[in-house]
Amino acid sequence: MSEPAFAWPRHLGLRAGEWVVVRSKDEILATLDARAELDRMPFQPEMLAFCGQRLRVAKVAHKTCDTINKTGGRSVKNAVHLEAARCDGAAHGGCMADCMFFWKEAWLRRADDAPGVAQTSSTCDDAALARSVVRPGEEGKDDPAWSCQTTALFDASAPLSWWDLRQYVRDVTSGNHSAWHMTKLLIGGMYRRLVKVGIGYRVLVSLYNRFQMLRGGKPFPLGGGTIPDGKPTPLEVLDLQPGEWVEVKPAAEILSTITVSGFNRGMRYDMEMAKYSGERFRVEKRVQRLINEQSGRMVPMKSACIQLENVYCRAECTPMRLGCPRASNTYWREIWLKRVDGPGQG
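Bear in mind the structure is a predicted one, so any value in this text is a computation, not a measurement.

**Notes on the nonpolar core**
Stage number 1. Core analysis: the largest hydrophobic core is formed by 37 residues, its most contacted members being Leu32, Leu82, Trp103 and Trp107.
Stage number 2. Among the elements of the structure, strand 1 (19-22), helix 1 (25-29), strand 4 (54-60), strand 7 (79-82) and helix 2 (126-131) are those that each provide at least two residues to this core.
Stage number 3. In this structure, Trp146, Ala251, Ile254 and Ile258 belong to the second largest nonpolar core, which totals 34 residues.

**Observations regarding helix 5 (residues 179-197)**
Stage number 1. End to end, helix 5 covers 27 Å across 19 residues, agreeing with the expected 27 Å (1.5 Å per residue, within 8%).
Stage number 2. Of all the positions in helix 5, only Met182, Leu185, Gly188, Gly189, Arg192 and Val195 are classed as buried. The arc that holds the buried residues of helix 5, viewed along the axis, is 140°, so those residues lie on one side. Exposed and oriented more than 90 degrees from the buried face of helix 5 are Trp180, Met190 and Val197.
Stage number 3. Among the structural elements, helix 4 (166-173) and helix 6 (201-215) are those in contact with the buried residues of helix 5.
Stage number 4. At the C-terminal side of helix 5, glycine 198 shows a positive phi close to 100°.

**A few points about the packing of helix 5 against helix 6**
Stage number 1. For the pair helix 5 and helix 6, interaxial distance at closest approach is 8 Å and the crossing angle is 150°. Relative to helix 6, helix 5 is oriented roughly antiparallel. Judged by the sense of rotation from one axis to the other, the crossing of helix 5 with helix 6 is left-handed. Between helix 5, through Tyr191, Leu194 and Val195, and helix 6, the contact on the second element is made entirely by Tyr201, Leu204, Val205, Leu207 and Tyr208.

**Some remarks on unusual backbone geometry**
Stage number 1. A positive phi angle, near 60°, is found at aspartate 98, a position not held by glycine.
Stage number 2. For aspartate 98, the location among the structural elements is in the loop between strand 7 and strand 8 (103-104).
Stage number 3. Aspartate 98 sits in the buried class, given a relative accessible area of 15%.

**Some points on the sheet that holds strand 1**
Stage number 1. Spatially, 8-7-4-1-9 is the arrangement adopted by the five strands of the open sheet, whose pairing is antiparallel. Looking at the sheet topology across the chains shown, the edges are occupied by strand 8 and strand 9 (108-110).
Stage number 2. Relative to strand 9, strand 1 runs antiparallel, the two sharing three bridges. Considered in strand 9, the bridge of valine 21 is made with arginine 109.

**Side note on the side chain of glutamate 46**
Stage number 1. Mapping glutamate 46 onto the fold places it in the loop between strand 3 (41-42) and strand 4.
Stage number 2. Nearest to the buried, unbridged glutamate 46 among oppositely charged side chains is arginine 289, at 11 Å.
Stage number 3. One polar contact links glutamate 46 to histidine 92, side chain to side chain, over a distance of 2.7 Å.
Stage number 4. For glutamate 46, the residues in contact, after removing those within four places along its chain, are Cys87, Asp88, Gly89, Ala90, Ala91, His92 and Phe101.

**A closer look at the state of the cysteines**
Stage number 1. Tallying each qualifying case throughout the model produces zero disulfides.
Stage number 2. Left without a disulfide partner, cysteine 87 is nearest to the cysteine sulfur of cysteine 99, which lies 6.5 Å away.
Stage number 3. Taking relative accessible area as the criterion, cysteine 87 reaches 13% and is therefore assigned buried.
Stage number 4. With no disulfide partner, cysteine 95 has as its closest neighbouring cysteine sulfur the one in cysteine 99, 6.1 Å distant.
Stage number 5. Exposure remark for cysteine 95: the relative accessible area of 11% places this residue in the buried category.

**Some remarks on the packing of aromatic side chains**
Stage number 1. If you walk through the whole model with that rule in mind, you get nine aromatic pairs.
Stage number 2. Ring centres 6.1 Å apart and planes at 75° place the aromatic pair phenylalanine 50 and phenylalanine 101 in the edge-to-face group. Taken together, the residues phenylalanine 50 in the loop between strand 3 and strand 4 and phenylalanine 101 in the loop between strand 7 and strand 8 connect sequence positions 51 residues apart. The exposure classification of phenylalanine 50 matches that of phenylalanine 101, with both residues buried.
Stage number 3. Ring plane angle 80° and centroid distance 5.5 Å describe the contact between tyrosine 276 and phenylalanine 281, whose orientation is recorded as edge-to-face. Phenylalanine 281 shares its class with tyrosine 276; the two are buried.
Stage number 4. Grouped by ring-pair contacts, the aromatic residues Phe43, Phe50, Phe101, Trp103 and Trp107 constitute a single cluster.
Stage number 5. Looking at arginine 193, its charged tip hangs above the ring of tryptophan 162, at a distance of 3.9 Å from the centre.
Stage number 6. The positively charged end of arginine 314 is found above the aromatic ring belonging to tyrosine 312, 4.2 Å away from the centroid.

Scoring rules and cut-offs
- Residues numbered from 1 in each chain as written.
- Predicted model: local features only at pLDDT ≥ 70, side-chain atom pairs only at ≥ 80, totals over all residues.
- Heavy atoms only, no water.
- Core = buried A, V, L, I, M, F, W, Y, C linked by side-chain atoms within 4.5 Å.
- Buried < 20%, exposed > 50% of the residue type's maximum accessible area, 1.4 Å probe, protein only.
- Helix = DSSP H or I, 4+ residues; strand = E, 2+ residues; numbered from the N terminus.
- Expected span 1.5 Å × (residues − 1).
- Arc of directions from axis to C-beta.
- Contact = heavy atoms within 4.5 Å.
- Axes fitted to C-alpha atoms, helices over the stretch in contact; angles between N-to-C directions.
- Parallel < 35°, antiparallel > 145°, perpendicular 65-115°, else oblique.
- Left-handed = near helix turned anticlockwise from the far one by under 90°.
- Pairing = 2+ DSSP bridges.
- Lys, Arg positive; Asp, Glu negative; His and termini not counted.
- Salt bridge = Lys/Arg side-chain N within 4 Å of Asp/Glu carboxyl O.
- Polar contact = N/O pair within 3.5 Å; in protein donor to acceptor, adjacent residues only side chain to side chain.
- Disulfide = S-S within 2.5 Å.
- Phe/Tyr/Trp six-rings, centres within 6.5 Å; stacked < 30°, edge-to-face > 60°.
- Lys NZ or Arg CZ within 6 Å of the ring centre and 35° of its normal.

The analysis is restricted to geometry; functional conclusions fall outside its scope.
In structure tokens, the structure reads:
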């Protein structure tokens, strides 16, 4: 497949906090191949709504996490995440995952730079872009296997070992995180690896929890529950609606509702979610359907799946993806939440 040609650089060297303008549709199409991809990263039709807009770089997407094959961290070239630019799923069957887009720098220009000149011989057009939302051979099916940045992310990235210190340096030099914040994450990561060895497990966890209690922090994050794998998990129905306030239950209560592998009725409780215990948030929406990242099939939610405002994975404690800038939404079972009157503490 021939590479498209365009008259501006692929790499801008953007940093978090910089302002950019999303290039025009014609300019972006000129960067894409016949599958509407650049460096195997798809450009989604939902992203066209942002063309011409002036947006700020939220994070430099130099790395991400592998949620498809679960191999750990992955490196990504010349990409960023932009503030207030998430996928509404309009071109993908109404998927409600609300994912952060990956923006290749070739699709952007600095706010003060002049527009580029689109090539007239683009290998991608409107029809190719429309076809790209499903996998080849799935066109016209009632339940197609969808294709998007999330389902293609493994192929659009490269392996990144957790012990490659260059990524953590880049986390700081890109403006994604302060040096002190990354230092804390790495120290915490080393401590959790020590705990994982298993020698003095209870003592190490107890020491951690006592230290956190003194400084008003959260207890040691655990992702595994008390229910044996394969056994049924409990259900609680609150019928939460957007705009309502909830409080995340203590981690110990949540662990009693999930399996040893961390699941309640098919939904995983990730250790990154433990940091939100005891805090209050508003319900953003009830998520009814999501695209499965492995199969590309749309999955209807059989039990209530709740998304909370400004609650997402901050990659602060999960092994192999510390500092990941992807900001994936976290989804909550109603049994992990309790309805409250408002944001106050009583």
